[in-house]
Amino acid sequence: MASPLASRDDSQLVWVKSWDAKIPPPITSFKGKVVPRLFLRSSRRRKIAIEVHRIYSSAPPNQTTQPPDSSTPAFYEQCVVRILVPDTKATRIVNETINTRENGQDESETDESTILPQEFIDTEAELPSDHHDGWKAKYRFPIRSISITNSHKNVVSVYIVLGRVRQHRELYFATDEDAQEFAQALQAQLDQEPDRTENKLAVTARGVTLNEDESITLLVEICGARNLLAGDKHTSDPYVQVLFDGIEIHRTDYISRNLNPIWTVKTNSLFLWTVNSRDLFMSEGLLCVVFDFDQVGSHENLGQTYVSPKFLYATSEERTEQSLKHPHNGDAGTAAGFLAVRCRRATDYDKHFMQELAEKRKKEKREEAMPELQKLKDLTKLATESTGGSGNFASIIARRSKVVRSAEHPEGVKVYKVRPGPDPVRPKETIWLSKEQLRDESLKESHLWIDSGSGHLGNLFVEVIACDDLPNMDTGGFVGNKTDAFVSVVFEDSFVTTDVVGDCLAPRWMPWTKRAFMFRMMHSSSQLFLGVFDYDLSFNPADGHDFIGRVSIDLSNLRKDTTYILTYNLYTSARMSQRKKRGTVTLRLRLEIDDDRQLLLSSLDPPPQIRVNTKSWKDHHVVRCTCTGKTDMNKYSMQIINSYVEELLALQQAGFYMRDAAVSLFLWRCTSPIKLLGRSIALPVHSITAFILSALVVERPQLFPSFVLFGIAWLLLASMEYRRHLPDLWSRCKSYKELAGCLIFGESRAAPELIAPYTNSSAAEAFMIQWQKRIADVEDAASRDYEQDFNQADDDTDALPGPRPPSLAPPKRAGGISLDPFRPILFPIQQNLAVVCRFVRHAKYIIFWEECYITFWIVSVCLVLGTLFLFVPWFYLIQSSARILVWSLLGPWMRLVDVLYVSKGQFFNVEDMLAPWEGALHLGVTSSKATRARVNQENVEKLKAMKEYMFGRFVTRVPVLKEDRYRDMPLAESSAVPYRPALVPLSELAMQEAGYKRKRLMGQHMTGTMIPQVSMVASQVIAKC
């Protein structure tokens, strides 16, 4: 390993003195105790040298320091003692064929007591010393680590302290005079060491306001390395050892078979280090040594680098990438790779996190040491869970209903046992309730809210009220073993579940149960996903909860300050055809928007890539089914391919819209109602607009670019008008006027919605029946045309002479035949169809204002650009450009260009002109791109590992934009009323604002550099530290 003095470009040797000596192993070593000293001296021929180096200070990279004091010298001196060994041909051959061992010792020193810290082993062993011909450096000791214990004749006894290593050595010199001269020179240098120490502190701390008594705690991260040496033929298993003054303070885990490793929290990349500022600047800094891990034998050194004290003291999360010194100095001009490090002053949150990380690592090691005990704990936990719905014998025979007779109801009223339990405040009154009481009680205000999410745009309040007509997912329904229902809710980076209501096909969640959730919004286009499951308590972790159905709720067209009670049909998938209803779910939700303008502007940001991590496969199964449905669309299946084909064929329904629009446009039908003088008058607004724009373009062709942009805006606005006049109130969208008011005034001027149950339900049902009949008629007509064409082709074939060709009719599906042999051909087709269908869905949702915020910005941009283009002289620009091209390239002077340049090979060539700079430009651009790509890769890997550590290793992607084929629409019994908060005392209001009746559950959106933190949670954790 290269020493800092031997390899630094800013060091200069100013004084050196050497002596021949024989240096046996330390007295405290095994060989030194057992083998007589007389036999060891003959084979331990060494040279010992005292060297004084002058080291010039240099600012660390990427650091801005204070102006240095001119009175402070720009260098300091450092004295070391070197032990050199003979440089023979045999030794060089051995060193070239045998890898350097981790302890850095030769074959004659294998006892553990002679092992020296890596910081004090010289890798100049591969090269002869410039000042000692025939000798090469072996060890290097700072002079402050050596003290003389005894001197007798030609023997000098020294005591060496190197980190945690203590050695007592005897140095046998050739003559008594040499021994005396060495002892005097060593003592003289030791006497000068205090002055050197103060001078070194003044030089290394130049420009830094240093408090010498300050104890600092640093958070250091080993980010990664690149272009490492191959220790195992073609690859390495690298890990990093970090040392300070010869003492190991940290070691990362090794990464298998990687020359460009990235260390994360999973591979022990972070560590805390407390050091005195004076000790820090008196050292060379942190020594980072990269080793190749080997299961058998010693670990091979791949290179080292020092992290300077100034960087450690003044840095604040800056990433520094330093070149690794070659382990053998075989090629002084080539780096052995690069190591990236980050550092900052540790915060209270950092200390708290690292403490928890250390405790978790200890726990994992104990569990790995006792796997059978951990399995027993898991089985015990599953057996003692009291979540409900276990399906055991006690729950099957439990009484769930009874008839209560009273004076008011002599015939009796059937009441049901409240599950999962009664109200803790009113246990006697709420243990048995009738259907009407259950309905009324479930609609009351929830007692406890789960606060989750990481956004800042507003709050979404969700309460799961009930499910109806659920299928029985458990066996033994005739004896009372029925579905144990619970609802999972996924919104952005949050995943929560309700309590389990056991053995019930129409469960009701009471206000005192876990059913109410408050989510903090990050993006305006986010959707709310709900999934209904049958809870199964299984000892096999691979068995998931039975999936019943799901629903995705579009929030973009809901208004704030409105309380919605929405009922949806449940389906297993929203992306496959031939869906079957599997019950209904009812929920109550409300939007609380802090700033309508900020919500609108957030749609300009790209949708975030959101992934939810879970600790168990069961939870992962629940999240995946809730977000995307039962069918995994990424797996190969002929059913999925057929579904994609059917979806693309269904695009012919767009012809209905185009036909209706063309008829209304060309026939000047009055389809747009306008209020005038308190009366609604229908006018042909679109026909008037089309006529005016077309007439202007015909008379002034230069307005064509504006006409195109205005046409796009007009088409989208017409689609908005169509949706806003649908009979189904739940299918309508926000208007462009409402969104423009949010942008201009900062808040929505639209009143909260008021929709009673079954409003316009008959008209909406009639419209849907008519639309479906229209589609069925078209499909029947297409089927008849196909059959007629096929029969005609068959008749034409019969009339032809010769043998009859094979039938062109599509073959019937034969049962039991597998298409797996065609997977290499069909699976790429399925993936391409998926891309096309996703594009078509996004386009459809934008055109029909399902993504109303995105559509609003498209319309606004088209209107603004169309207006600006009205003032652009397009005719003049086109004419001038064409004139320049014609007169420049088609004139007779091009003959002169041919004679003078082209024919002589002297034609002006930009590539030849840039050739001298092309290499440098390409290198700079490539290096910059490679660095950015490397940093991005490190951040991605680090965030992934941190989320796995915090939330679990099972990952599910949560869609932000709409990706489903079918939209889930509220049923006719849904309702909406303006939200009117109840009047509460100021004391209770203050308690609510302080978080009373709320439980905070962290989201999974993490930000930060070294230790990514969950938003809105770090401050709470710091407060608890």
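Check the entry above for the structure.
Residues numbered from 1 in each chain as written. Predicted model: local features only at pLDDT ≥ 70, side-chain atom pairs only at ≥ 80, totals over all residues. Heavy atoms only, no water.

A few words on the overall build of the chain. Per the secondary structure count, the chain includes 26 helices and 35 strands. Residues counted as buried form 43% of the 1025 residues belonging to the chain. Here the contacts in the chain between residues at least 6 apart in sequence split such that 72% fall between residues at least 24 apart. In the form shown here, the chain has an accessible surface area of approximately 55,200 Å², with 57% of it arising from carbon and sulfur atoms. (Helix = DSSP H or I, 4+ residues; strand = E, 2+ residues; numbered from the N terminus. Buried < 20%, exposed > 50% of the residue type's maximum accessible area, 1.4 Å probe, protein only. Contact = heavy atoms within 4.5 Å. Areas by Shrake-Rupley, 256 points an atom, 1.4 Å probe, with all protein chains shown as cover.)

Consider a sheet: its strands pair through backbone hydrogen bonds, and that pairing is either parallel or antiparallel. Spatial strand order, S10-S9-S12-S13: four strands in an open sheet with antiparallel pairing. Bordering the open sheet on either side are strand S10 (247-251) and strand S13 (300-307), each of which pairs with just one other strand. Taking the axes of each pair of neighbouring strands and ignoring which way they run, one obtains an average angle of 30° across the sheet. Where strand S9 (residues 238-244) meets strand S12 (residues 286-292), six bridges bridge the pair, whose relative direction is antiparallel. (Pairing = 2+ DSSP bridges. Axes fitted to C-alpha atoms, helices over the stretch in contact; angles between N-to-C directions.)

In this section: helix H17 (residues 704-724). The end-to-end C-alpha separation of H17 is 30 Å, in line with the 30 Å expected for 21 residues at 1.5 Å each. Buried within H17 we find Ser706, Leu709, Phe710, Ala713, Leu716, Ser719, Met720, Glu721 and Arg723. (Expected span 1.5 Å × (residues − 1).)

Let us now look at the pattern of salt bridges. By the definition in use, this model includes 43 salt bridges. Two residues, Arg144 and Asp245, come together in a salt bridge whose shortest N-O distance is 3.6 Å. In this pair, Arg144 sits in the loop between strand S4 (135-142) and strand S5 (146-152) while Asp245 sits in the loop between S9 and S10, placing the two residues 101 residues apart along the sequence. Judged by its relative accessible area of 47%, Arg144 falls in the partly exposed class. Look at Asp245 and you get partly exposed, because its relative accessible area is 28%. In this structure, the salt-bridge partner of Arg1000 is Asp451, at a minimum N-O distance of 3.2 Å. Here the residue Arg1000 occupies a position in strand S33 (residues 998-1001), and Asp451 occupies one in strand S19 (residues 449-453), the gap between them amounting to 549 residues. Salt bridges sharing common partners tie together Arg226, Arg319, Glu321, Arg934 and Glu938. (Salt bridge = Lys/Arg side-chain N within 4 Å of Asp/Glu carboxyl O.)

Sheet topology places strand S16 (residues 401-404) next to strand S17 (residues 413-417); four bridges connect them, and they run antiparallel. Looking at S17, one finds that Val404 is bridged to Val413. As paired strands, S17 and strand S18 (residues 432-433) are joined by two bridges and run antiparallel to one another. Across the sheet, the residue bridging to Tyr416 is Leu433, located in S18.

Pairing of S5 with strand S6 (residues 155-162) involves six bridges; the strand directions are antiparallel. Across the sheet, Asn150 pairs through a bridge with Ser157, a residue of S6. Linking S5 to S6, which pair antiparallel, is a turn of two residues; within it Lys153 sits at a positive phi near 55°.

Taken together, seven strands build an open sheet; the order of strands is S4-S3-S2-S1-S7-S6-S5 and the sheet is antiparallel. One side of each edge strand has no neighbouring strand; the edge strands of this open sheet are S4 and S5. Averaged over all neighbouring strand pairs, the angle between strand axes comes to 30°, with direction disregarded. Where strand S1 (residues 11-22) lies against strand S2 (residues 45-56), 11 bridges are found, and the strand directions are antiparallel. Residue pairing across strands places Ser18 opposite Ala49, the latter belonging to S2. Contacts from helix H5 (residues 176-204) reach S1, S2, strand S3 (75-86), S5, S6 and strand S7 (165-173), with the element oriented near 140° to S3.

This part is about the side chain of Ser442. Looking at the secondary structure, you find Ser442 in helix H11 (residues 435-442). At 2.8 Å, the side chain of Ser442 forms a polar contact with the backbone oxygen of Arg439. (Polar contact = N/O pair within 3.5 Å; in protein donor to acceptor, adjacent residues only side chain to side chain.)

With respect to the helices and strands, Glu850 occurs in the loop between helix H20 (823-847) and helix H21 (852-869). Not counting the four nearest positions on each side in its chain, Glu850 is found in contact with Asp554, Ser556, Asn557, Arg723, Tyr845, Lys962 and Arg967.

By the definition in use, this model includes 22 aromatic pairs. Judged by centre distance (5.6 Å) and plane angle (45°), the ring pair of Phe491 and Phe519 falls under tilted. Here Phe491 is found in strand S21 (residues 485-491), whereas its partner Phe519 is found in strand S23 (residues 516-520), with 28 residues between them in sequence. The pair Phe491 / Phe519 is uniform in exposure class, with both members buried. When the ring of Phe856 is compared with that of Trp857, the centres are 5.3 Å apart and the planes differ by 70°; the resulting orientation is edge-to-face. Of the residues examined, Phe856 reaches a relative accessible area of 1% and is grouped as buried. (Phe/Tyr/Trp six-rings, centres within 6.5 Å; stacked < 30°, edge-to-face > 60°.)

Once that is clear, we can look at the nonpolar core. Core analysis: the biggest nonpolar cluster contains 58 residues, and Leu528, Leu530 and Leu589 have the highest contact counts within it. Per-element accounting of this core gives the leading share, six residues, to H21. Setting aside residues no more than four positions away along its own chain, Leu528 makes contact with Leu460, Val462, Val489, Val490, Phe491, Phe519, Val551, Ser552, Ile553, Leu555, Leu587 and Leu589. Judged by nonpolar contacts, the second largest core, of 33 residues, contains Leu280, Met282, Leu286 and Val341. (Core = buried A, V, L, I, M, F, W, Y, C linked by side-chain atoms within 4.5 Å.)

Turning to the environment of Leu312, a few remarks are in order. Its place among the elements puts Leu312 in helix H7 (residues 309-314). Taking the relative accessible area as the measure of exposure, Leu312 reaches 0% and is therefore buried. Separated by 30 residues in sequence, Leu312 and Arg342 place their C-alpha atoms 8.9 Å apart. Apart from the residues within four sequence positions on either side, Leu312 is in contact with Leu218, Trp273, Leu280, Leu286, Val307 and Cys343.

So, about unusual backbone geometry. The step from Arg419 to Pro420 runs through a cis peptide bond, and the omega angle for that step is 5°. Examined against the element boundaries, Pro420 turns out to sit in the loop between S17 and S18. Positive phi outside glycine occurs at Lys233, with the angle close to 65°. As for its placement among the helices and strands, Lys233 is situated in the loop between strand S8 (215-226) and S9. Positive phi outside glycine occurs at Asn268, with the angle close to 65°. Tracing the backbone through its elements, the reader meets Asn268 in the loop between S10 and strand S11 (270-276). The exposure class assigned to Asn268 is buried, which follows from its relative accessible area of 17%.

Packing of helix H14 (residues 638-649) against H20 brings their axes to within 10 Å, and their N-to-C directions diverge by 35°. Seen from above, H14 lies across H20 with left-handed handedness. Here Met638, Ile640, Ile641, Tyr644, Val645, Glu647 and Leu648 of H14 come into contact with H20, specifically with Leu826, Gln830, Leu833, Ala834, Val836, Cys837, Val840 and Arg841. Within the contact of H14 with H20, the residues separate by chemical class into 12 nonpolar, one polar and two charged. (Left-handed = near helix turned anticlockwise from the far one by under 90°. Nonpolar A, V, L, I, M, F, W, Y, C, P; charged D, E, K, R; others polar.)

So, about a nonpolar patch on the surface. Together, Leu885, Val886, Trp887, Leu889, Leu890, Trp893, Met894, Leu896, Val899, Leu900, Tyr901 and Val902 make up a nonpolar patch on the protein surface, roughly 1,200 Å² of accessible area in all. Broken down by secondary-structure element, the contributors of at least two residues to the nonpolar patch are helix H22 (874-889) and helix H23 (894-902). Here the element with the most residues in the nonpolar patch is H23; it accounts for six residues. Inspection of the secondary structure assignment puts Leu890 in the loop between H22 and H23. (Patch = residues over 30% accessible without salt bridge, like charges linked within 9 Å, V, L, I, M, F, W, Y side chains within 5 Å.)

Another point: H20. Here H20 spans 35 Å end to end across 25 residues, near enough to the 36 Å set by a 1.5 Å rise per residue. For H20, every residue scored as buried is listed here: Phe827, Gln830, Leu833, Ala834, Cys837, Val840, Arg841 and Tyr845. Those residues of H20 that are buried lie in contact with H14 and H21. Trp849, located one to two residues past H20, shows a positive phi value of around 60°.

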